[in-house]
Amino acid sequence: MTERKDIRSMTLPELTEDIISLGLPKFRAGQIYSWLHQKYVSSFADMTNLSKDLRASLEEQYEIFDAKTVLKRTSAIDGTVKYLYELNDGNTVETVLMKYKYGYSICISSQIGCDMGCSFCASTIDGCARSLRTSEMLAQIYTAQRELGIRVSHIVLMGMGEPLLNYDNMLRFLDIITGEDGANISARHISVSTCGIVPKIYELMELRPQFTLSVSLHAPNDDIRNRIMPVNRRWGVEELLDACRDYIAATNRRISFEYAMMSGINDTDECARELASRLGGMLCHVNLIPANEVRENDYVRSSAERLKAFAEILEKNGITTTVRRTLGPDIEASCGQLRRNHAKEASEI
């Protein structure tokens, strides 16, 4: 049997070319594309302005990769929703939907698990099963919007996985999600996270993207970063920051540096002063994050007082700094925990 095409990963020009090759009028591609990317349907049967015969023909030739809700936890504290989605092949991924004053923001995964080995993160404990298809990244957003009857306005690629190691699918995702014929979400409302894959940062730079590049830095020097982030042994702090400076110069876009604060590890006044010295003069922003505490490691999040003192040092040295509000603390909203616990419970049945 011929493998069916992944229709939701196709751009509108690609789908149009396919539809015309089937002897169908061009406008059918626009109708189908709208059903997929504006009405978020997960079945050809739901495309009610198409004939029954055409829907049956599409079913034979194409597959809609969707995300089925396995677990859904809603925070009683702030309304954050944590999803565990099952994909067409049975693998699961995590997605977090957050409500802010400006609207809904969603944090999606780009891989099933992660191979980067950051010692403080639950996502990487079991490694990476595979990268996600473009359609599977889109499906995380579409399923949440479909189920809750809402429209997401901001997207963060900061869930499970390293987006720059799923580079081609990530770029295709961004092309589709920002397209006027699709979800039409502004690129300036999208953040792409990386732990520091330097060659890919330079590739991105050539595209002059309009989204925000978020770099997971988490340490001011090689000594600390080598211990908590294995990627630093390949591209050290100075090489990474040089790439960031080149990126800023080429794109004129501010970079956001993510910094998870861990007690006694990277949260001292000395660390703050060193970080300020390294980032001085850069068009950047530091986002301090109270580290998520994970059962499988001994890291403890920094106190509120330590976060405040660290932020004050950065600000006094001219570094724009914010402290991220902790969302969904009662629903295991930190990345990787829900998937691991679900898998463990399933294995014990």
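The structure under discussion appears in the preceding block.
Residues numbered from 1 in each chain as written. Predicted model: local features only at pLDDT ≥ 70, side-chain atom pairs only at ≥ 80, totals over all residues. Heavy atoms only, no water.

**Focus: the overall build of the protein**
Logical step 1: Counting its secondary structure elements, the protein contains 11 helices and 14 strands.
Logical step 2: The globule rule puts the C-alpha radius of gyration for 349 residues at 20 Å, and the 21 Å found for the protein is close to it.
Logical step 3: Going through the 349 residues of the protein one by one, you find that 54% of them count as buried.
Logical step 4: In the protein, the proportion of contacts linking residues at least 24 apart, taken out of those at least 6 apart, comes to 67%.
Logical step 5: Here the protein has roughly 15500 Å² of accessible surface; of this, 48% comes from carbon and sulfur atoms.
Logical step 6: Computing the positive centroid from 41 side-chain charges and the negative centroid from 47, the protein places the two 4 Å apart. (Helix = DSSP H or I, 4+ residues; strand = E, 2+ residues; numbered from the N terminus. Rg over C-alpha atoms; globule rule 2.2 N^0.38 Å. Buried < 20%, exposed > 50% of the residue type's maximum accessible area, 1.4 Å probe, protein only. Contact = heavy atoms within 4.5 Å. Areas by Shrake-Rupley, 256 points an atom, 1.4 Å probe, with all protein chains shown as cover. Lys, Arg positive; Asp, Glu negative; His and termini not counted. Charge placed at Lys NZ, Arg CZ, Asp CG, Glu CD.)

**A word on the side chain of aspartate 18**
Logical step 1: Within the secondary structure layout, aspartate 18 lies in helix H1 (residues 12-21).
Logical step 2: Here the side chain of aspartate 18 touches lysine 5 through a polar contact of 2.8 Å, side chain to side chain.
Logical step 3: Each residue touching aspartate 18, except ones within four places of it in the same chain, is listed here: Lys5, Met10 and Tyr62. (Polar contact = N/O pair within 3.5 Å; in protein donor to acceptor, adjacent residues only side chain to side chain.)

**Regarding the pattern of salt bridges**
Logical step 1: Tallied over the full model, the rule gives 17 salt bridges.
Logical step 2: A salt bridge links lysine 5 to aspartate 18; its shortest N-O distance comes to 2.8 Å. Highlighted residues: lysine 5 in strand S1 (residues 5-6) and aspartate 18 in helix H1, separated in sequence by 13 residues.
Logical step 3: What makes lysine 5 partly exposed here is its relative accessible area of 40%.
Logical step 4: Taking the relative accessible area as the measure of exposure, aspartate 18 reaches 13% and is therefore buried.
Logical step 5: For arginine 245, the salt bridge goes to glutamate 238, with nearest N and O atoms at 3.4 Å.
Logical step 6: Arginine 245 sits in the partly exposed class, given a relative accessible area of 30%. (Salt bridge = Lys/Arg side-chain N within 4 Å of Asp/Glu carboxyl O.)

**As for the packing of aromatic side chains**
Logical step 1: Within the structure shown, the criterion is met by four aromatic pairs.
Logical step 2: Ring geometry for tyrosine 40 and tyrosine 142: centres 4.9 Å apart, planes at 35°, overall tilted. Of this pair, tyrosine 40 sits in the loop between helix H2 (27-37) and helix H3 (52-61) while tyrosine 142 sits in helix H4 (residues 134-148), and the two are 102 residues apart along the sequence.
Logical step 3: For tyrosine 40, a relative accessible area of 12% puts it in the buried group.
Logical step 4: Look at tyrosine 83 and tyrosine 85: their rings are 4.9 Å apart centre to centre, the planes differ by 15°, and that puts the pair in the stacked class. Residue tyrosine 83 shares its accessibility class with tyrosine 85, and that shared class is buried.
Logical step 5: Above the face of the tryptophan 35 ring, lysine 39 is positioned so that its terminal group lies 4.8 Å from the ring centre.
Logical step 6: The cationic tip of lysine 200 hangs over the ring face of tyrosine 167; the distance from NZ or CZ to the ring centre is 4.4 Å. (Phe/Tyr/Trp six-rings, centres within 6.5 Å; stacked < 30°, edge-to-face > 60°. Lys NZ or Arg CZ within 6 Å of the ring centre and 35° of its normal.)

**Here's the deal with unusual backbone geometry**
Logical step 1: Notably, histidine 218 is not glycine yet its phi reads approximately 65°, a positive angle.
Logical step 2: Turning to its location among the elements, histidine 218 is positioned in the loop between strand S11 (212-216) and helix H7 (222-228).
Logical step 3: By relative accessible area, histidine 218 is classed as buried at 6%.
Logical step 4: Backbone geometry at asparagine 252 places phi at a positive 55°, although glycine is not the residue there.
Logical step 5: Mapping asparagine 252 onto the fold places it in the loop between helix H8 (237-251) and strand S12 (255-261).
Logical step 6: The exposed category is assigned to asparagine 252, whose relative accessible area is 63%.

**A few points about the side chain of threonine 194**
Logical step 1: One can find threonine 194 in strand S10 (residues 190-194).
Logical step 2: Residue class for threonine 194 comes out buried when judged on its relative accessible area of 1%.
Logical step 3: In this structure the side chain of threonine 194 is engaged in a polar contact, spanning 3.0 Å, whose partner is the backbone nitrogen of glycine 196.
Logical step 4: Beyond its immediate chain neighbours, meaning those up to four positions away, threonine 194 contacts Glu162, Leu164, Ile201, Leu213, Ser214, Val215 and Ser216.

**Focus on H3**
Logical step 1: By the burial criterion, the buried members of H3 are Leu54, Arg55 and Leu58. Each buried residue of H3 sits inside an arc of 100° when the element is viewed along its axis, so together they form one side. Exposed residues pointing more than 90 degrees away from the buried face of H3 are listed as Lys52, Asp53 and Glu60.
Logical step 2: The inward-facing, buried residues of H3 contact H1, H2 and strand S2 (62-63). (Arc of directions from axis to C-beta.)

**Structural notes on the environment of aspartate 89**
Logical step 1: As for its placement among the helices and strands, aspartate 89 is situated in the loop between strand S4 (81-86) and strand S5 (92-100).
Logical step 2: Its relative accessible area of 46% is what places aspartate 89 among the partly exposed residues.
Logical step 3: Aspartate 89 sits 80 residues away from asparagine 169 along the chain, and the two C-alpha atoms are 18 Å apart.
Logical step 4: Side-chain polar atoms of aspartate 89 contact the backbone nitrogen of asparagine 91, separated by 3.0 Å.
Logical step 5: A polar contact of 2.9 Å, which involves the side chain of aspartate 89, links it to the side chain of arginine 130.

**Let's talk about helix H6 (residues 198-207)**
Residues three or four positions apart in an α-helix share a direction because the helix packs 3.6 residues into each turn.
Logical step 1: Turning to H6, its buried residues number three or more, namely Val198, Ile201, Leu204 and Met205. All buried residues of H6 project into a common sector of 110° when viewed along the axis, lining one side.
Logical step 2: On its buried face, H6 sits against helix H5 (167-178), S10, S11 and H8.
Logical step 3: Among the residues trailing H6, arginine 208 stands out with phi positive, at a value near 50°.

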